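Okay, here's what each chain looks like letter by letter:
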4 protein chains.
Amino acid sequence: MSDNRINKNQPVGDELHEECGVFGMYDFDGGDVASTIYYGLFALQHRGQESCGIAVSETNGPKGKVTSYKGMGLVNEVFTEENLEPMHGDIGVGHVRYSTAGASTRENAQPLVLNYVKGTLALAHNGNLINAAELRHDLEYTGAIFQTTIDSEVIAYHIARERLKSSTVEEAVGRACRKIKGAYSLVVMSPRKLVGARDPYGFKPLCIGKRDNAYILASETCALDTIGAEYVRDVLPGETVTITPENGIVSDLSRALPKEQEARCIFEYIYFARPDSHIDGVSVYASRIKAGRFLAMDSPVDADLVVGVPESGNAAALGYSLQSGIPYGTAFVKNGYVGRTFIKPKQSSRESSVRVKLNVLKEAVDGKRIIMIDDSIVRGTTSDRIVKMLRDAGATEVHVRISSPPFLWPCYFGTDIPEREQLIAYNRTIEEIRDIIGADSLGYLGIDRLSEMADGLPICKGCFNGIYPMEPPKEDIRGDYER
Amino acid sequence: MSDNRINKNQPVGDELHEECGVFGMYDFDGGDVASTIYYGLFALQHRGQESCGIAVSETNGPKGKVTSYKGMGLVNEVFTEENLEPMHGDIGVGHVRYSTAGASTRENAQPLVLNYVKGTLALAHNGNLINAAELRHDLEYTGAIFQTTIDSEVIAYHIARERLKSSTVEEAVGRACRKIKGAYSLVVMSPRKLVGARDPYGFKPLCIGKRDNAYILASETCALDTIGAEYVRDVLPGETVTITPENGIVSDLSRALPKEQEARCIFEYIYFARPDSHIDGVSVYASRIKAGRFLAMDSPVDADLVVGVPESGNAAALGYSLQSGIPYGTAFVKNGYVGRTFIKPKQSSRESSVRVKLNVLKEAVDGKRIIMIDDSIVRGTTSDRIVKMLRDAGATEVHVRISSPPFLWPCYFGTDIPEREQLIAYNRTIEEIRDIIGADSLGYLGIDRLSEMADGLPICKGCFNGIYPMEPPKEDIRGDYER
Amino acid sequence: MSDNRINKNQPVGDELHEECGVFGMYDFDGGDVASTIYYGLFALQHRGQESCGIAVSETNGPKGKVTSYKGMGLVNEVFTEENLEPMHGDIGVGHVRYSTAGASTRENAQPLVLNYVKGTLALAHNGNLINAAELRHDLEYTGAIFQTTIDSEVIAYHIARERLKSSTVEEAVGRACRKIKGAYSLVVMSPRKLVGARDPYGFKPLCIGKRDNAYILASETCALDTIGAEYVRDVLPGETVTITPENGIVSDLSRALPKEQEARCIFEYIYFARPDSHIDGVSVYASRIKAGRFLAMDSPVDADLVVGVPESGNAAALGYSLQSGIPYGTAFVKNGYVGRTFIKPKQSSRESSVRVKLNVLKEAVDGKRIIMIDDSIVRGTTSDRIVKMLRDAGATEVHVRISSPPFLWPCYFGTDIPEREQLIAYNRTIEEIRDIIGADSLGYLGIDRLSEMADGLPICKGCFNGIYPMEPPKEDIRGDYER
Amino acid sequence: MSDNRINKNQPVGDELHEECGVFGMYDFDGGDVASTIYYGLFALQHRGQESCGIAVSETNGPKGKVTSYKGMGLVNEVFTEENLEPMHGDIGVGHVRYSTAGASTRENAQPLVLNYVKGTLALAHNGNLINAAELRHDLEYTGAIFQTTIDSEVIAYHIARERLKSSTVEEAVGRACRKIKGAYSLVVMSPRKLVGARDPYGFKPLCIGKRDNAYILASETCALDTIGAEYVRDVLPGETVTITPENGIVSDLSRALPKEQEARCIFEYIYFARPDSHIDGVSVYASRIKAGRFLAMDSPVDADLVVGVPESGNAAALGYSLQSGIPYGTAFVKNGYVGRTFIKPKQSSRESSVRVKLNVLKEAVDGKRIIMIDDSIVRGTTSDRIVKMLRDAGATEVHVRISSPPFLWPCYFGTDIPEREQLIAYNRTIEEIRDIIGADSLGYLGIDRLSEMADGLPICKGCFNGIYPMEPPKEDIRGDYER
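Sequence order as written defines residue numbering, which begins from 1 separately in each chain. Chain letters start at A and ligand numbers start at 1, both assigned in the order the entries are written. Only residues with pLDDT of at least 70 are given local features in this predicted model, and only at 80 or more are side-chain atom pairs given and counted; all residues enter the totals for whole chains, interfaces and linings. Note that water and hydrogens are dropped before the side-chain values are worked out from all heavy atoms of the structure.

**Overview of unusual backbone geometry**
The omega torsion across proline 310 of chain A and glutamate 311 of chain A is -5°, close enough to zero to call that bond cis. Within the fold, glutamate 311 of chain A resides in the loop between strand S18 (305-308) and helix H10 (314-324). Of the consecutive residues glutamine 110 of chain D and proline 111 of chain D, the connecting peptide bond is found in the cis state with omega at 0°. Along the chain, proline 111 of chain D turns up in the loop between strand S5 (91-97) and strand S6 (112-116). Positive phi, normally seen in glycine, also occurs at aspartate 280 of chain B, with a value near 50°. Between buried and exposed lies partly exposed: a residue is buried under 20% and exposed over 50% of the maximum accessible area for its type, with that area taken using a 1.4 Å probe on protein chains only. Residue classification places aspartate 280 of chain B among the buried residues on the basis of a relative accessible area of 15%. Residues other than glycine seldom take positive phi values, yet aspartate 455 of chain C does so here, at roughly 55°. Each helix is a run of H or I in the DSSP string that is no shorter than four residues. Each strand is a run of E no shorter than two, and both are numbered from the N terminus.

Now the structure itself:
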């Protein structure tokens, strides 16, 4: 990942997708939080571009009155001064969402807003539960109805039911978290409390910020920077934090696991998170520089220029250059205007999707041996075209280096990885992949380098080695509840 | 009510509002029903103009797959060829909705589509429950969450819970109906059954139609005519009907009350329903002609011309004319282009809302003594302006006759009647009202005439005399769950 | 035409179309006129539903600054508080437009706003020129460019060119009017003058109104009533009126023809105009009543009930009833919610366009001999269906009476009449037409009755007898400039 | 300029704006060109983001039938499959437009489509005429009317008038070009010819491409790359090219000036053009690298890291690094999701526009002496904030280098430079500017380096030294015709 982040609404090639970004805010001074949530979500836009929403409440207003607005599209498309202006409230949550095609409906947009025994609740969730189907099943057998296909509704039901046996909403959240399994970073707004919770493995990030007399919960620290808040700390894996004017931040760590059992998603560092974010104290940018350095150490090659595939390959390319001493350069120009409604070239047309979005700087690559760094190859459908573009522009050699290991296994925790059969690395040797993409050489980051990349934090390597921090579901149940 | 029905999106004056229209269809031959539901809803548009929706399912398709689309606005605004075309299904339900301002949100649009223990369910509801708040409360105390503020969600929960103890969905519907109190005409689509239910009082209409090998449930017979279906019969008060290819229509009358306890809403005949509809065998048009005749008998006056306030006053005016022998005429021209986005004249401007929507035919009224028939006076805010317009156009006398008794009490069953204090008849004599609206004389239909109007069917007269067929709730709970 | 006017956006059957409505206003007190123009256009909406526009200017503002807004759709769809609010100006013009499909583009929406040698000009035009093609040709041969396909651009060019030789804008308008041939009612806004002009034949209406210190020009008096203005007089055929604060209304009658050469379009009375309008002193409503009376005199038949095809047949039906003594009744209910985006039933579907829009009141017609009055039959495509609907509802006889003579010839002056071959009356006897529509008898209004209908005013009968007040163009040039 | 181009719809700071991009295509094989024009415009989107349009024609279709579509917004917002699909034609032109706020209306969108003496014409224009006001005036004095405020309409009039004296459209274009003064790159579509013309100074670029049997005219070569066309050559300053199936490309150089009088806009190289484009044979990317090298030579400073302000500063930063040996790095992360409807933070809010769009990579800059390269400083409103952001992130020194000379004079040829009084360099020394933006040192590119940057091509330096290639108009007439 590099200097700039481009509109990924219509990504160049076959990229992975994050499933959500969450944001919560509580201004103890009573100021309206909706517009700050808007900017916070805007900073988290890269985590989900399909839908977004904001829900706010006035802690001193009529009990349980929640004002919310959700829609399909980018934050700047869904929200206007017209619909933001009437959203009054000193407490609120926001959400940006990516989803697989089937369930990309307005009904599934978050935050989920609901009435329950104690009034109202609004919920924003990032992650994927592995026992959602079971839990839905169980809930239905006690008379529950489901109006969406999102895990958040399952979580909400558990909070509502646990609330009956709990003296506080945070206790209910904690109890609910014990029932759900998988990845979740959760922000819950009850009428007078903002509650954050992170699963015990720490799959998904969640941090705490402060601005004047207001507290913030956000998926990434870049959202804190954007709104001018200071970083306080990360919510810990397995922690529930409760934010109130009376007690500030109150922590409950009773769900926490021994540190070594934690399992952060390494793709946050490799690709998902913004490079200016820090997750659990580790700079995303620095981790990418490191990945590039490791590649230079482990897969050296003699060449004239190191270039990154924009945007996410640029930081690793810089790392490779710093380590190897081979100059860093720019080989591509990306068209940043591709938006949601962009018409993709048809197969039959003379235009190609890759060309329309990416062009090569002939001057930069002509006559040179190029090391091209990308963050990952998923299906490999565009890599061969990019390599060919470099050759057409006069590159004499093209060496491809990937700042992550090869994908081989599904992810059950919120990353949208295609079927195994569609993964280029599945059942293929490195040499075979190199041949397919037409590179002169190909090198991947070693699995053993991943923990170093994240400064030694325990990470989940499931998508690389099939070993998951918890038993995955028997069958892939994603999409089961689509309608 | 007369020959024509005008776009009531922005009514001329202070009219009453119906809260919904429902429509269901099951084509045993497997044909798609969505476009027919579209035309059916279009025929029921007068029953609700704020939002509408359609949900369909393929009985032989993947289990529980429901395709639905809902939106704010008129049927022809919400639905396009683009969004209707992909709605495949041989079973489906549709809904048009009017609501009070606060809860006029997309979330509250119907049909309600949900997953529950037995798969999916789609629900369309017309009416108002009087124990919804209680039921919500009870449900919440067993862990329910609510995402809308509509009664349908309460009903759905009960069906889902009763389903656990029932062997069929229709049994669950029947059991649920025993828990809910108030007015409801209900159309429920389960994966392979279409179920209709009507409350024991028969407040709201619901009829059955047939076209070839398809069955239809609809709020009014005009929807059957529109789609070229034949009328089969009305669903009876307290009846549950289950429609399947195997058994056709199966009736369960176990919820039925003795006929004399039934209590149809007389306003369906007076104003809500389309004049070309028949409700429980009684022609709406004929009942309005009768009301006019009764007025002529009970409040006779010597005059030159009988005119109706368009549209709903026209049929009664014709009845008055037929009975009295005084010629029927046309005094008003209504501008039919007032749509949802029409900008109402400001108080301060020289234009008036009444003038913009209604003009007088000077030729028709100049120099004449006029009997002007309207279906009701609610707040009375426009009646005085219309009377004045007639006088300005040269009418020498204006006698006002109203084809319903004076409103004095709230309705708890789905009609949006304003606060008592706002009702012109509240705490006023007829003479005082006449004085306010500036008429030469004023006559209302007698309460005793109402049953005759409906061919002797038992009716609810609650809004006229405060005597309701069931105990009303202690406090008006409508809007309580608004957010 | 009757009591009410329904949204004709998607007319029931094969109706004729008017091509425009114009409105101009100049408030000598400096008040903003845009919102009043909005209501004025709203009252003229029946004259054109495809596009509309408003242009205003501040007579004391920066010279030549015109603010305008135009769009496709109804007045209440195109204009919002948001786009109306910033339109400041004490002088302005507005326009509603109907057009044939080909040229129904935003570019062609009016008013036409332009810069020319003397600053700015805004133009709204109702009518059709017969020498527009010639004039375009001539203009092009002196270097003109055309950005629209509307006659208004030709007129504007002439005004601009004549302005070079004229000392005032009204002189230029007058000179331009001498070059153009055909039907035109014109409202022109120059920076500090409002100018109205009507062709010497008086084909299209144009009237003058006054409200406080503001003058209004409008296609119909109903627009004056709507905005609370008083009627001053009609602009005379061949007259140019110039409205300024200095001189009030200044008339130039130098283009006027002898009265007997005038040739008003009779369809304004028969169908186009709103019944509450007066054109050249003749009440549209009264003329329709008369037409009905003439039909009763000239085509009497014994029957039980006279009904009108809504809306435009109702007034003539009343006239027929008054003359014949046969009771007037209502046989049809029209669905008023058909809007621009309404999806028409496909030929293949079980629904029919006529049924969806019109239903019969069985109670009203069952067992009766019906006289059904309509204003015209164009192609006859719906008449047979309506007759059949009456019979299906139990009518024992259906006698059709048409309140205009049969169409046989094209109109060159602004009425959209189909090709001769498509006219039902072309090459057919009355008996043959009767047979096609399935009526028991059929009667048309006699051509000789038309002048009486319009109180003796000279009228154009071209579409009935092929005799036009001026030589028509050799070939139909409409659409020639479409792109 | 660097690797990537970000959505500039809402630029970070105070940038300059280009006024247009043009594109034309003629497929001699008769294939439809609209979708290729779409992708071509998409590649030129950086040249104008306010409106865009496409007009196409079938050379073998009905004479003069042009299908066009224009709208406000980005190419991917304005065009959809729905409105592109029906645009059939083997010849066409397209346009993207930036404009100053006042005239940013749909009326002014291009291409301009018109009828004139020889049928139809469509015109797309990039540049600014300096005698447009005079020409308008003259045209008006011979009866012209203007419906837009764009220069293209003036050009169109001249083509139309000259066409009367010319035997071909290209001759008319040539003649018209002799009357207009200023900057223009012009693409004209006549029914069977595609004509391109460039002003004698060559202010604005225009190149020729070929794909199979189709010819293309485009503002930049990046549009050729995008659609897979090969670069043929640039249209020469002062040249008119006519493209027909019969004769291929026919050149008329009679308007050309001696080469030394040419005056290309240097800002195309510095900032406007995409780095992957070549203009008149010079690589934009290479010229930016060179500018960076010159800065390193002329304004050297000892530091640890060279960074560019994204996007346009990156290439020059790379050049500086290459020349100086100081490592190149990335200091900023830009949020690429800022779109047209993005709500800018209010002055009063805690969020700042700069922060929302740009964040600093603390890891990259902490403890380092930074050389920050930007392409220009206009008002200087954001430079100080960016410098401060670097310092806050730990930079010990911030040296600013600008890859262009200071702006001091207005541009009359199509670049939107603010009033002199608003330019930071106006009446200030370099030292004073340095002080304002808070840098440790500040260096601009020398004026003498500009020609070298463009490989010795003659360039216009008017905005730097006030010496223009032709006499500028007495007063700034831009916006004069706004309405």
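Still more to cover.
**Describing the pattern of salt bridges**
Residues and elements named next belong to chain C. Any carboxyl oxygen of Asp or Glu within 4 Å of a side-chain nitrogen of Lys or Arg constitutes a salt bridge here. Overall, the coordinates contain 84 salt bridges over all chains when judged by the stated rule. For lysine 179, the salt bridge goes to glutamate 162, with nearest N and O atoms at 2.9 Å. Linking lysine 179 in helix H6 (residues 169-179) with glutamate 162 in helix H5 (residues 151-163), this pair joins segments that are 17 residues apart in sequence. Its salt-bridge partner being arginine 198, residue aspartate 280 comes within 2.7 Å of it at the nearest N-O pair. Here the residue aspartate 280 occupies a position in the loop between strand S15 (278-279) and strand S16 (282-283), and arginine 198 occupies one in strand S8 (residues 193-198), the gap between them amounting to 82 residues.

**Considering the relation of the copies chain A and chain D**
Copy one and copy two of the chain differ by a rotation about an axis and a translation along that axis. Rotating chain A by 180° and moving it 0.0 Å along the rotation axis overlays it on chain D with an RMSD of 0.1 Å. Taken together, the turn and the small shift mark the pair as related by a two-fold rotation axis. Whether two residues are in contact is decided by their heavy atoms, any of which lying within 4.5 Å being enough. Looking at the interface residues of chain A, 100% of them are also at the interface in chain D, so both copies use one shared face. Each copy is superposed on the other by least squares, with the fit set by C-alpha atoms of residues at a pLDDT of at least 70 in both.

**Observations concerning the pairing of strand S2 (residues 20-27) of chain D**
Residues and elements named next belong to chain D. Counting buried positions along S2 gives eight out of eight residues, so the element sits mostly inside the fold. Neither face of S2 is left uncovered, since the one carrying Cys20, Val22, Gly24 and Tyr26 and the one carrying Gly21, Phe23, Met25 and Asp27 both have all their residues buried. In short, DSSP must find at least two bridges between two strands for them to pair. One ladder, built from seven bridges, connects S2 with S5; its direction is antiparallel. Residue pairing in the sheet places cysteine 20 in a bridge with arginine 97 of S5.

**Thoughts on the UniProt feature "active site" (unreviewed entry) in chain A**
Residue and element names in this part refer to chain A. Within this numbering scheme, the UniProt entry marks Cys20 as carrying the feature "active site" (unreviewed entry). For cysteine 20, the location among the structural elements is in strand S2 (residues 20-27). For cysteine 20, a relative accessible area of 5% corresponds to the buried category. Residues contacting cysteine 20, with those up to four places away along its chain left out, are Arg47, His95, Val96, Arg97, His125, Asn126 and Ser219. UniProt positions are given in the numbering used here, feature names are shortened, and annotations may be inferred rather than shown by experiment.

**A word on the environment of glycine 446 of chain A**
Residues and elements named next belong to chain A. Within the fold, glycine 446 resides in the loop between strand S23 (441-444) and helix H15 (450-453). Given the relative accessible area of 21%, glycine 446 is considered partly exposed. Counting along the chain gives 138 residues from glycine 446 to glycine 308, while the straight-line C-alpha distance between them is 19 Å.

**As for the interface of chain B and chain C**
It is common to give the size of an interface as the accessible area that goes away when the parts come together. Contacts between the two partners involve 66 residues from chain B and, on the opposite side, 66 residues from chain C. Summed over both partners, the accessible area (1.4 Å probe) lost when two parts come together is defined as the buried area. Taken over both partners, the interface formed by chain B and chain C buries close to 5600 Å², and the fraction arising from carbon and sulfur atoms is 54%. Inspection of the region where chain B meets chain C yields zero salt bridges. By the criterion applied in these results, polar contacts are pairs of N or O atoms within 3.5 Å in which, for protein atoms, one can donate a hydrogen and the other can accept it, and in which residues neighboring in sequence qualify only through two side-chain atoms. Applying the counting rule to chain B against chain C returns 20 residue pairs in polar contact (both at pLDDT 80 or more). Top contributing element to the side of chain B that touches chain C by residue count: helix H1 (residues 34-43) of chain B, with five residues. Here the term charged refers only to Asp, Glu, Lys and Arg, the term nonpolar to Ala, Val, Leu, Ile, Met, Phe, Trp, Tyr, Cys and Pro, and the term polar to all other amino acids, Gly among them. Classifying every residue of the side of chain B that touches chain C by side-chain character gives 27 nonpolar, 21 polar and 18 charged.

**With respect to a negative patch on the surface**
Together, Asp32, Glu58, Glu81 and Glu85 of chain A line one region of the surface with negative charge. In this structure, glutamate 81 of chain A sits in helix H3 (residues 81-84). The patches described consist of residues with a relative accessible area above 30% and no salt bridge, like charges being joined within 9 Å and nonpolar side chains (Val, Leu, Ile, Met, Phe, Trp, Tyr) within 5 Å. Areas reported as accessible are Shrake-Rupley estimates using a 1.4 Å probe. Residue values count occlusion only from the protein chains shown. Residues scored as charged are limited to Lys and Arg (positive) and Asp and Glu (negative), so that His and the chain ends carry no count. By convention, the point assigned to a charge is CZ for Arg, NZ for Lys, CD for Glu and CG for Asp.

**Focus on the interface of chain A and chain D**
In this complex, chain A contributes 66 residues to the contact, which on the side of chain D involves 67 residues. With both sides pooled, the region where chain A packs onto chain D buries about 5600 Å², and carbon together with sulfur makes up 54% of that total. Where chain A packs against chain D, one counts zero salt bridges. Counting every contact that joins chain A to chain D gives 20 residue pairs in polar contact (both at pLDDT 80 or more). Here the element with the most residues in the side of chain A that touches chain D is helix H1 (residues 34-43) of chain A; it accounts for five residues. For the side of chain A that touches chain D, the class distribution of residues is 27 nonpolar, 21 polar and 18 charged.

**Considerations on the pairing of strand S22 (residues 397-402) of chain D**
Residue and element names in this part refer to chain D. When you tally the buried positions in S22, you get five out of six residues, the bulk of the element. Note: strand S21 (residues 369-374) against S22, six bridges, orientation parallel. Note that in S22 the partner of isoleucine 370 across the bridge is valine 398. Looking down the strands as they point away from you, a crossover is right-handed if its path from the first strand over the helix to the second goes clockwise. For the segment spanning S21, helix H13 (residues 383-392) and S22, crossover handedness is right-handed. Sheet analysis places S22 next to strand S23 (residues 441-444), joined by four bridges and oriented parallel. Bridge pairing links valine 400 to leucine 442 in S23. With helix H14 (residues 430-437) bridging S22 and the parallel S23, this β-α-β connection has right-handed handedness.

**Some remarks on the UniProt feature "binding site: [4Fe-4S] cluster" (unreviewed entry) in chain A**
Residues and elements named next belong to chain A. Under the UniProt annotation, "binding site: [4Fe-4S] cluster" (unreviewed entry) lies at Cys265, Cys411, Cys460 and Cys463. Of the residues just listed, which span 199 residues, no C-alpha pair is farther apart than 9.9 Å, and they cluster in one region. Note on placement: cysteine 411 falls in the loop between strand S22 (397-402) and helix H14 (430-437). Residue cysteine 411 is classed as buried on the basis of its relative accessible area, which comes to 12%. Of note, cysteine 460 is situated in strand S24 (residues 459-460). In this structure cysteine 460 comes out as buried when scored by relative accessible area, which is 11%. Beyond its immediate sequence surroundings of up to four residues, cysteine 460 is in contact with Phe203, Ala263, Arg264, Ile266 and Pro469.

**Side note on the sheet that holds strand S14 (residues 248-252) of chain D**
Residue and element names in this part refer to chain D. Read from one edge to the other, the open sheet built from six strands follows the order S6-S7-S8-S9-S13-S14, with strand pairing classed as antiparallel. Edge positions in the sheet fall to S6 and S14, since each has one partner strand and no second. Each strand axis lies, on average, 20° off the axis of its neighbour in the sheet, ignoring direction. Where strand S8 (residues 185-190) and strand S9 (residues 193-198) come together, six bridges link them in antiparallel fashion. Bridged to valine 187 within S9 is glycine 196. Comment: axis = line fitted to C-alpha atoms, over the contacting stretch for helices; angle = value between 0 and 180 degrees taken between N-to-C directions. Where helix H5 (residues 151-163) meets the sheet, it contacts S6, strand S7 (119-126) and S8, and its direction lies at approximately 140° from that of S7.

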